Number of protein chains: 4
Amino acid sequence: MTATLHDRIAASFDRQPMMATLGASLVSVEPGRVRVRAPILPGARQQHGVAHAALAFAIGDTAAGYSALTMLEADDEVMTAEIKINLLAPGRGDYLRATGRVLKPGRRLLVVSAEVHAIAEASETLIAVLQGTMVPVPATR
Amino acid sequence: MTATLHDRIAASFDRQPMMATLGASLVSVEPGRVRVRAPILPGARQQHGVAHAALAFAIGDTAAGYSALTMLEADDEVMTAEIKINLLAPGRGDYLRATGRVLKPGRRLLVVSAEVHAIAEASETLIAVLQGTMVPVPATR
Amino acid sequence: MTATLHDRIAASFDRQPMMATLGASLVSVEPGRVRVRAPILPGARQQHGVAHAALAFAIGDTAAGYSALTMLEADDEVMTAEIKINLLAPGRGDYLRATGRVLKPGRRLLVVSAEVHAIAEASETLIAVLQGTMVPVPATR
Amino acid sequence: MTATLHDRIAASFDRQPMMATLGASLVSVEPGRVRVRAPILPGARQQHGVAHAALAFAIGDTAAGYSALTMLEADDEVMTAEIKINLLAPGRGDYLRATGRVLKPGRRLLVVSAEVHAIAEASETLIAVLQGTMVPVPATR
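First things first, this report covers the structure right here in the doc. (Residues numbered from 1 in each chain as written. Chains lettered and ligands numbered in written order. Predicted model: local features only at pLDDT ≥ 70, side-chain atom pairs only at ≥ 80, totals over all residues. Heavy atoms only, no water.)

Glancing now at the overall build of chain A. Scanning chain A from terminus to terminus reveals three helices and six strands. Against the compact-globule benchmark of 14 Å for 141 residues, chain A has a radius of gyration of 14 Å, which places it among compact chains. Here the C-alpha coordinates of chain A stretch approximately 45 × 25 × 25 Å along the principal axes. Within chain A, the proportion of its 141 residues that are buried is 59%. Look at the contacts in chain A between residues 6 or more apart in sequence, and 63% of them connect residues 24 or more apart. (Helix = DSSP H or I, 4+ residues; strand = E, 2+ residues; numbered from the N terminus. Rg over C-alpha atoms; globule rule 2.2 N^0.38 Å. Buried < 20%, exposed > 50% of the residue type's maximum accessible area, 1.4 Å probe, protein only. Contact = heavy atoms within 4.5 Å.)

Structural data, given as structure tokens:
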């Protein structure tokens, strides 16, 4: 069943061209918890050579959204209603990894969070935390 | 003098590879108000074919950050301490345009906002609002 | 009709004991825009003698929530799903006044904002801005 | 030393009249983690008889702020720069308890979070989560 859950999330993830543009990939899928990672590509940096805030946002928002999706029916999608990011440290290292979690499931709204770490050979640094709200959207067929 | 201000912001903008990746450009620079636009490139979409939330975030955060930078000394840079985005409508149309504004300047913190509109031939739709905090960073040379 | 709208909001406002505790009152009600004010009572201050952040929050959230309620059917109520406050200046003066506005109405969610000013004899100072999400709740009878 | 830390935080807490108005008290103080509780007084409710969002905000913000203060020099104070609250469930029960934590200490900014639970005889319910930024303020003497 977790395999099916993974497949469902992966199928949606693969339909998001922005994830391909950023080189992001799905790391793991569990009920209420999803991990996404992305390299710090040259084209995803800001003027000081570290990860652009939008890269941390993109994978944090995506991990949080998919953690919400794991709590929903197979045909649903989710949309971000709102999300806030606090940036804690520069995004520097081999890659960024976002861990999304569901804080409160719900039929109309799901409250989610995400932590984004910068991963280097010998260290993991928490660089951003996100807190937001996801809205279920019935799949359009 | 506004020309100089524009040049200073443009020079910083042009050093952000993420802006080039997204095809974003600087539209206008005034003291306390900066506009940035970006096409909705195929590679910047989500699974329903509209702009990814991260695109609205990227240009909203950038416009807000540069609006803060217009209030600072020539050598300073700014970093986003935190920013929140509420998504109001799908990002569909010819391009997105973000208008960043300074709500409260300050020596240690600047409070900023941004509105993101989706622009189509005959319409402008407000698709996102952002509210955040920028921190001045002395330029490193 | 605006009189009826005012009466409906006032009736709900008067059922909130927290508003009485803070000495808050409803100033004006228009479709999509509600004003609430509160004195800076000795019991609503923090350790430096200025308004506690929770006072600015309380009236900002309330003004924003009632601005949402003006867009709904007569029997509905609203609840705050989430709201963020940026504090810009100390709350000092004769009283605080919050102006709530609807940025985006909706059947499932309403995006709202509020500005809180500190009013003194000769000045108005913007001391806080809020941005949030309200959820309609069918009245329970 | 933790006793001294507790005394320092308690002395500041006791100078906040808003905390007395809400009947709030300091539960525990550890480095980077502070707990505050408050009864759901009749005067701190909203129109449906449950805790007003401003009560959850007040103790969540206060617990988060004091968790930041535990990381600073003895003479400092902190101010809330911004904080966001997501409300998860109605605040009903015997009392509310907020647990504030420091996510990232810093000289200029501290990123903090808080969880607010409603406590009843046989249950604890997470009713709100907060994420914010505190700014150190040198004590005025």
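Okay, back to it.
Moving on: the relation of the copies chain A and chain B. Screw-axis analysis of chain A against chain B gives a translation of 0.0 Å along the axis, an RMSD of 0.0 Å, and a rotation angle of 180°. On the angle and the small slide along the axis, the relation comes out as a two-fold axis. Of the C-alpha atoms belonging to chain A, the one lying closest to the rotation axis is found on Lys84 of chain A, 2.0 Å away. (Least-squares fit on C-alpha atoms with pLDDT ≥ 70 in both.)

As for its placement among the helices and strands, Pro17 of chain C is situated in helix H2 (residues 17-21). Sequence separation between Pro17 of chain C and Val137 of chain C is 120 residues; the distance between their C-alpha atoms is 20 Å.

In an α-helix, one turn spans 3.6 residues; hence positions three or four apart end up facing the same way. When the terminal C-alpha atoms of helix H3 (residues 53-69) of chain B are compared, their 24 Å separation across 17 residues agrees well with the 24 Å that a helix rising 1.5 Å per residue should span. Burial analysis of H3 of chain B places 17 of its 17 residues in the buried class, which makes it a mostly covered element. (Expected span 1.5 Å × (residues − 1).)

In this assembly, 33 residues from chain A lie in contact with 33 residues from chain B. Counting the contacts that link chain A with chain B gives zero salt bridges. At the boundary of chain A with chain B, the tally comes to 15 residue pairs in polar contact (both at pLDDT 80 or more). Elements supplying a minimum of two residues to the side of chain A that touches chain B: helix H2 (17-21), helix H3 (53-69) and strand E3 (77-87) of chain A. At nine residues, the largest contribution of residues to the side of chain A that touches chain B is made by E3 of chain A. Counted by class, the side of chain A that touches chain B contains 16 nonpolar, eleven polar and six charged residues. Pairing geometry for E3 of chain A and strand E3 (residues 77-87) of chain B, over five bridges, is antiparallel. Residue pairing in the sheet places Ile85 of chain A in a bridge with Ile83 of chain B of E3 of chain B. (Salt bridge = Lys/Arg side-chain N within 4 Å of Asp/Glu carboxyl O. Polar contact = N/O pair within 3.5 Å; in protein donor to acceptor, adjacent residues only side chain to side chain. Nonpolar A, V, L, I, M, F, W, Y, C, P; charged D, E, K, R; others polar. Pairing = 2+ DSSP bridges.)

Let us look at a positive patch on the surface. Residues Arg107 and Arg108 of chain A together with Arg107 and Arg108 of chain C make up a contiguous surface patch of positive charge. Relative to the elements of secondary structure, Arg107 of chain A occurs in the loop between strand E4 (95-104) and strand E5 (110-120). On the accessibility criterion, Arg107 of chain A (74% relative accessible area) is exposed. (Patch = residues over 30% accessible without salt bridge, like charges linked within 9 Å, V, L, I, M, F, W, Y side chains within 5 Å. Areas by Shrake-Rupley, 256 points an atom, 1.4 Å probe, with all protein chains shown as cover. Lys, Arg positive; Asp, Glu negative; His and termini not counted. Charge placed at Lys NZ, Arg CZ, Asp CG, Glu CD.)

Once chain D is rotated about the relating axis by 180° and shifted along it by 0.0 Å, it coincides with chain B to within an RMSD of 0.0 Å. A shared interface surface links the copies, since 100% of the contact residues of chain D are contact residues in chain B too.

Let's shift gears to the side chain of Arg97 of chain D. Residues and elements named next belong to chain D. Of note, Arg97 is situated in strand E4 (residues 95-104). You can call Arg97 buried: its relative accessible area is 10%. Here Glu124 takes part through its side chain, which lies 3.2 Å from a polar atom of the side chain of Arg97. Look past the residues within four positions of Arg97 in its chain and what remains in contact with it is Arg35, Val36, Arg37, Ile59, Glu115, Val116, His117, Ile119 and Glu124.

This part takes up the interface of chain D and chain B. Each partner contributes residues to the interface: chain D has eight residues there, and chain B has eight residues. Interface of chain D and chain B: buried area, both sides summed, is about 630 Å²; carbon and sulfur atoms make up 62% of it. Contact with chain B buries area across many residues of chain D, yet Glu82, Arg108 and Leu109 of chain D alone supply 60% of it, more than any other trio. Along the contact surface separating chain D from chain B lie zero salt bridges. At the junction of chain D and chain B, the tally comes to two residue pairs in polar contact (both at pLDDT 80 or more). (Buried area = accessible area lost by both parts, 1.4 Å probe.)

The next thing to look at is the packing of aromatic side chains. All told, the structure shown has six aromatic pairs over all chains when counted by the stated rule. An angle of 5° between the planes, with centres 4.0 Å apart, marks the rings of Phe57 of chain A and Phe57 of chain B as stacked. Taken as a pair, Phe57 of chain A in helix H3 and Phe57 of chain B in helix H3 lie in two separate chains rather than in one. Overall, Phe57 of chain B belongs to the buried group, its relative accessible area being 0%. For the ring pair Phe13 of chain D and Tyr66 of chain D, a centre distance of 6.1 Å and an interplane angle of 45° mean the geometry is tilted. One end of the pair, Phe13 of chain D, is in helix H1 (residues 2-14); the other, Tyr66 of chain D, is in helix H3 (residues 53-69), with 53 residues separating them in the sequence. Each of the two residues, Phe13 of chain D as well as Tyr66 of chain D, counts as buried. (Phe/Tyr/Trp six-rings, centres within 6.5 Å; stacked < 30°, edge-to-face > 60°.)

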